[in-house]
Amino acid sequence: MKNFPKSRRKLSLTICLATVLFLGFTTSLSYGGEWKIGTISPLTGPGTFWGSTILHGVELAADDLNAKGGLLVGGEKYKVVVNPCDDKYSGKGGSDCANRLVFTEGVKYIYGSNASASVLAYQAITTPNKILTFCDGYSEEILSPEKSYTFQVYGIPLITARDEVPAFLKLFPQVKQIAFIGPNDASGWGTSKGYITEFKKHGITILSDDFYERTVKDFYPSLTKILAKKPDLIHTSASAPGTVPLIVKQARELGYKGLFLGIQGALAFPDEFTKAAGGPQNANGYMYVNVWDINSQDPKIKEFVGKYQKKYGKLTYVFNPPCFYDAVMVSAKAIEKLQTFDTTKVRDAVETMQHDGLSGPWKLRGKAEFGIAHQRDTASFIVKVENDKEVIVKQIK
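Residues numbered from 1 in each chain as written. Predicted model: local features only at pLDDT ≥ 70, side-chain atom pairs only at ≥ 80, totals over all residues. Heavy atoms only, no water.

Asker: Got a sec to walk through the overall build of the protein? Specific residues and values, please.
Answerer: Helix and strand counts for the protein come out as 14 helices and 17 strands. Scaling as 2.2 N^0.38, a compact globule of 397 residues should have a C-alpha radius of gyration of about 21 Å, and the protein matches this with 24 Å. Over its C-alpha atoms, taken along the principal directions, the protein stretches across nearly 95 × 50 × 35 Å. In the protein, which comprises 397 residues, the proportion classed as buried is 55%. Counting contacts in the protein only where the partners sit at least 6 residues apart, residues at least 24 apart contribute 69% of the total. Across the protein, the mean location of the 48 positive side-chain charges is 6 Å away from that of the 39 negative side-chain charges. (Helix = DSSP H or I, 4+ residues; strand = E, 2+ residues; numbered from the N terminus. Rg over C-alpha atoms; globule rule 2.2 N^0.38 Å. Buried < 20%, exposed > 50% of the residue type's maximum accessible area, 1.4 Å probe, protein only. Contact = heavy atoms within 4.5 Å. Lys, Arg positive; Asp, Glu negative; His and termini not counted. Charge placed at Lys NZ, Arg CZ, Asp CG, Glu CD.)

Asker: How would you summarise the pattern of salt bridges if you had to cite specific residues and measurements?
Answerer: As enumerated under the stated definition, the model contains 22 salt bridges in all. When the shortest N-O distance is used, the salt bridge between Glu 303 and Lys 307 registers 3.1 Å. Placement of both Glu 303 and Lys 307 in helix α11 (residues 299-312) is noted, with a separation of four residues, approximately one turn of the helix. We classify Lys 307 as partly exposed; its relative accessible area is 31%. With its nearest N and O atoms 3.0 Å apart, the salt bridge here joins Asp 377 to Arg 365. With Asp 377 in the loop between β15 (375-376) and β16 (381-386) and Arg 365 in strand β14 (residues 364-365), the pair connects residues that are twelve residues apart, well separated along the chain. Ionic contacts of the salt-bridge type, sharing partners, join the residues Asp 163, Arg 365, Asp 377 and Lys 397 into one network. (Salt bridge = Lys/Arg side-chain N within 4 Å of Asp/Glu carboxyl O.)

Asker: An account of unusual backbone geometry is needed here, citing residue identities and associated values.
Answerer: The step from Gly 112 to Ser 113 runs through a cis peptide bond, and the omega angle for that step is 5°. If you trace the backbone, Ser 113 turns up in the loop between β4 (109-111) and α4 (116-126). The backbone phi angle of Lys 130 is positive, close to 55°, even though this residue is not glycine. As for its position among the elements, Lys 130 is in the loop between α4 and β5 (132-135).

Asker: Quick one: what's the story with the environment of Ala 121, residue by residue and with numbers?
Answerer: Inspection of the secondary structure assignment puts Ala 121 in helix α4. Counting along the chain gives 140 residues from Ala 121 to Leu 261, while the straight-line C-alpha distance between them is 29 Å. With near-sequence residues (within four places) excluded, Ala 121 lies in contact with Gly 91 and Ser 95.

Asker: I'd like a rundown of the state of the cysteines, residues and numbers included.
Answerer: Going through the model one piece at a time under the given rule, you end up with one disulfide. Between the sulfur of Cys 85 and that of Cys 97 lies a disulfide, 2.2 Å long from S to S. When the S-S torsion is -85°, as for the bridge of Cys 85 with Cys 97, the disulfide is left-handed. Pair noted here: Cys 85 is in strand β3 (residues 76-86) and Cys 97 is in helix α3 (residues 91-104), with a separation of twelve residues, a long-range link. Taking the relative accessible area as the measure of exposure, Cys 85 reaches 8% and is therefore buried. A disulfide-free cysteine, Cys 135 has its sulfur positioned 12 Å from the sulfur of Cys 323, the nearest such atom. (Disulfide = S-S within 2.5 Å.)

Asker: Any chance you could break down the sheet that holds strand β9 (residues 233-235) for me, citing the residues and the numbers?
Answerer: Spatially, seven strands are ordered β8-β7-β9-β10-β11-β16-β17 in an open sheet, and the strand pairing comes out mixed. The strands lining the two open edges of the sheet, one partner per strand, are β8 (205-212) and β17 (389-395). Averaged over all pairs of adjacent strands, the angle between their axes in this sheet comes to 25°, without regard to strand direction. Here β9 runs beside strand β10 (residues 259-262); their pairing, made up of three bridges, is parallel. Across the sheet, residue Ile 234 finds its bridge partner in β10, namely Phe 260. Packed on one face of the sheet, helix α6 (residues 186-201) meets β7 (177-183), β8, β9, β10 and β11 (287-290) and runs near 180° to β8. (Pairing = 2+ DSSP bridges. Axes fitted to C-alpha atoms, helices over the stretch in contact; angles between N-to-C directions.)

Asker: Which residues make up the nonpolar core, and what are the values?
Answerer: Of all hydrophobic cores here, the largest spans 102 residues; its most connected members are Trp 35, Tyr 111, Phe 199 and Tyr 286. In terms of residue count, helix α12 (residues 320-338) provides more of this core than any other element does, ten residues in total. When neighbours within four sequence positions are excluded, Tyr 286 is seen to be in contact with Thr 236, Val 244, Val 248, Phe 260, Leu 261, Gly 262, Ala 266, Leu 267, Phe 273, Val 383, Lys 384 and Val 385. One finds Cys 97, Ile 110, Ile 159 and Phe 370 within the second-largest nonpolar core, a separate group that totals 20 residues. (Core = buried A, V, L, I, M, F, W, Y, C linked by side-chain atoms within 4.5 Å.)

Note that every value here comes from positions in space, so none of it alone points to a role or purpose.
Below, the structure is given as structure tokens:
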């Protein structure tokens, strides 16, 4: 070294130090294995927005877990690896995805889908193979003691409507007659049934309960019949974000002046919704329910929103990212607490797990309705569109 100029010696020492630090850093992040988790959700077709936000919530949870070194189980660090699968918002797609994830990828934990048909189809595979699943379908058939490896990350309308309908009617006592229009599938049937049941309990007259195929774009014939009955409110049931503004626009063009109400995930982005609905004169006032406040000053929500926007861009009140993020975190918490990936033991722990999530404390309900308390009881808000923005009308709980 004595024959090297001082600058060369300094550079060599710097390189050596950097190499040592790099090797030490990479060693600290070495993993003894992988925790493979799967997502089943629509990444193409009418439910693409819903499906992509499910995946985003799961991926952000994986990012956060891996940033702290992964899961520590049995003295080994396990990297969280996400395996996404597109169910195309169909029963066959859900079954195909489950077959691939379970039998080819070796996945024991699955998050999604929001399509009831997909969930009901894949349960024929996941349940007997003890695959732990966290989904968001709206069919009452999803939860039962025989399907004990399934958890619902957000409420089935049969239950959530009990919180939402009384709060809504208190805000809008002028609503006496309602017309429903929703997709002709398990999600639409379950959503409409749940809300109709609850509205009827409060003395509301249901004028119609119409269903359409998800490929339909022309709602003028159906809406003409609906408007002839003079509803105070049109409920868009489980209509997708690309469909809801079409219904709103066409109803307004036919002269409808009343209220609209939808479910969580009824729109993607308020500015895009407003444009597709034909402008603020049509879009303003559209209401739907959701599970969180993205403008909350809660540090964990602010951190999550910042990470989401940095990685994926725009974020709205859509419920999928926080609900599925929470589901992964609760699973991981149970695994580390028990020091096992055994899905039966983790399932039992998740039932009583204490966790402060993005959409409220981890609490489960549904024992009386389904025979098993596997439905997440989240926070709940009524939100409306107002001049390209989403505005909270009321926090229900």
